[in-house]
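# Residue-level structure breakdown
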Amino acid sequence: MIKIKSQEEIELIREACRITRDTLNVVKDSIKVGISTKELDKIAYDYIKSQGATPSFKNYNGYPASICASVNDTIVHGIPSNDIILKEGDIISIDVGAKYNGYHGDAARTFPVGKIDPKVKRLIKITEQSFFEGIKGLKSGAFVGDISNRVQTFVEKNGYSVVRELVGHGIGKQLHEDPMVPNFGRSGSGPRLNANTTIAIEPMVNMGDRNVKFMPDGWTCKTRDGLPSAHYENTVLITDNGVEILTM
Ligand code: MF3
Ligand code: CO
């Protein structure tokens, strides 16, 4: 069931999304050669707490941290570690959620560490653009598959592939609500989106093929071919006339 949110709920989601967005910015400003992903996690945790919110991911199905920190060929769900230390030329996807007054926000970005290969820079840019392609024309009455198809078509046209094992989702009282929002599929398929629903749209884009592997920690998801992958996610509100991006 896709929940329609009341105006009061939307205001709370808005607040959670503002904290989520600000957390990403605080983490972004801390990214530098030599820092560990565990240190970035602590920075995110402290900031979320300072805002009177709690990290949405911590303890979610046993997830042990406040952020996902996914470096290079890690697609998503990289667990922060003292042993993962950023070096020049890396890319790092930071995914974070904040829960505030009972409602969640969820967003992700991929950042460069120092100077990166122009080819990888393009991967980050196309991933970000695929989100904006996905929401083109999106408004009340659209099908979830319209988003999926736009993201997939744009990514593949640009020579990359979309991950299929993990998808976007509805969001509100729960971090993950209906509907699932895949980054591949047919226009006109899936459920319709009504006004005052909130979803997280999150393309995961691989430079090489779409195949993934899950690591023994049960979370870390990497590309099979070892090539880099990027992630871009925002929580959006569907309205009668379009969308509002709540985590920007
Ligand atoms: N943005 C991701 C998602 O919506 C992050 C979830 S990590 C988890 O699936 F630990 F919370 F699962
Ligand atoms: Co998400």
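Above this note sits the structure.
One structure accompanies this document, and this report is about it. Predicted model only: the values in this text are computed from it and were never measured.

Once that is clear, we can look at the site of ligand 1. In the vicinity of ligand 1 lie 13 residues, with D95, D106, H169, H176 and E233 positioned nearest. In this structure, an oxygen atom belonging to ligand 1 sits 2.9 Å away from a side-chain N or O atom of H176. Take E233: an N or O atom from its side chain is 3.0 Å from a nitrogen atom of ligand 1. Protein coverage of the free-state accessible area of ligand 1, which is 330 Å², stands at 95%. In this structure the site holding ligand 1 corresponds to the largest pocket. Taken together, the residues of the shell around ligand 1 break down into six nonpolar, three polar and four charged.

One can describe the packing of helix 3 (residues 118-134) onto helix 4 (residues 144-157) by two numbers: an axis separation of 8 Å at closest approach and a directional angle of 145 degrees. The way helix 3 lies across helix 4 gives a crossing that is right-handed. Judged by residue contacts, I126, Q129, S130, E133 and G134 of helix 3 engage I147, R150, V151, F154 and V155 from helix 4. In terms of residue class, the contact of helix 3 with helix 4 is built from five nonpolar, three polar and two charged.

What follows is about the coordination of the cobalt ion (ligand 2). Within the protein, D106 (OD), H169 (NE2), E202 (OE) and E233 (OE) serve as the donor atoms for the cobalt ion (ligand 2), at 2.1 to 2.3 Å. For the cobalt ion (ligand 2), the six donor atoms in the first shell make angles of 66 to 169 degrees at the metal, so the coordination geometry reads as irregular. For the cobalt ion (ligand 2), the single-chain donor residues occur in sequence as D-x62-H-x32-E-x30-E. Of the two residues, H169 is situated in strand 7 (residues 168-170) and E233 in the loop between strand 13 (229-231) and strand 14 (234-238); the sequence distance between them amounts to 64 residues.

Approximately 410 Å³ is the volume found for the largest pocket. Counting only elements with at least two residues in the lining of the largest pocket, the list comes to strand 7 and strand 8 (177-181). Residue contributions to the lining of the largest pocket peak at four residues, all from strand 8. Residue composition of the lining of the largest pocket, grouped by class: 12 nonpolar, six polar and seven charged. Considered as a void within the structure, the second largest pocket measures approximately 160 Å³ in volume. For the second largest pocket, the full set of lining residues is Y45, T54, P55, S56, K58, N59, Y60, K99, H104, K173, Q174 and L175.

Thresholds applied
- Residues numbered from 1 in each chain as written.
- Chains lettered and ligands numbered in written order.
- Predicted model: local features only at pLDDT ≥ 70, side-chain atom pairs only at ≥ 80, totals over all residues.
- Heavy atoms only, no water.
- Near = heavy atom within 4 Å.
- Polar contact = N/O pair within 3.5 Å; in protein donor to acceptor, adjacent residues only side chain to side chain.
- Areas by Shrake-Rupley, 256 points an atom, 1.4 Å probe, with all protein chains shown as cover.
- 1 Å grid on protein atoms, 1.4 Å probe; cavity = no way out; pocket = protein on both sides within 12 Å on 5 of 7 lines; lining within 4 Å.
- Sits in = over half its atoms within 2 Å of the grid points.
- Nonpolar A, V, L, I, M, F, W, Y, C, P; charged D, E, K, R; others polar.
- Axes fitted to C-alpha atoms, helices over the stretch in contact; angles between N-to-C directions.
- Helix = DSSP H or I, 4+ residues; strand = E, 2+ residues; numbered from the N terminus.
- Left-handed = near helix turned anticlockwise from the far one by under 90°.
- Contact = heavy atoms within 4.5 Å.
- Donors = N, O, S within 2.8 Å, 3.2 Å for Na, K, Ca; no water.
- Tetrahedral: all angles 85-135°; square planar, octahedral: opposite > 155°, others 65-115°.
- Points joined across faces, edges and corners; volume = space filled by probe spheres on them.

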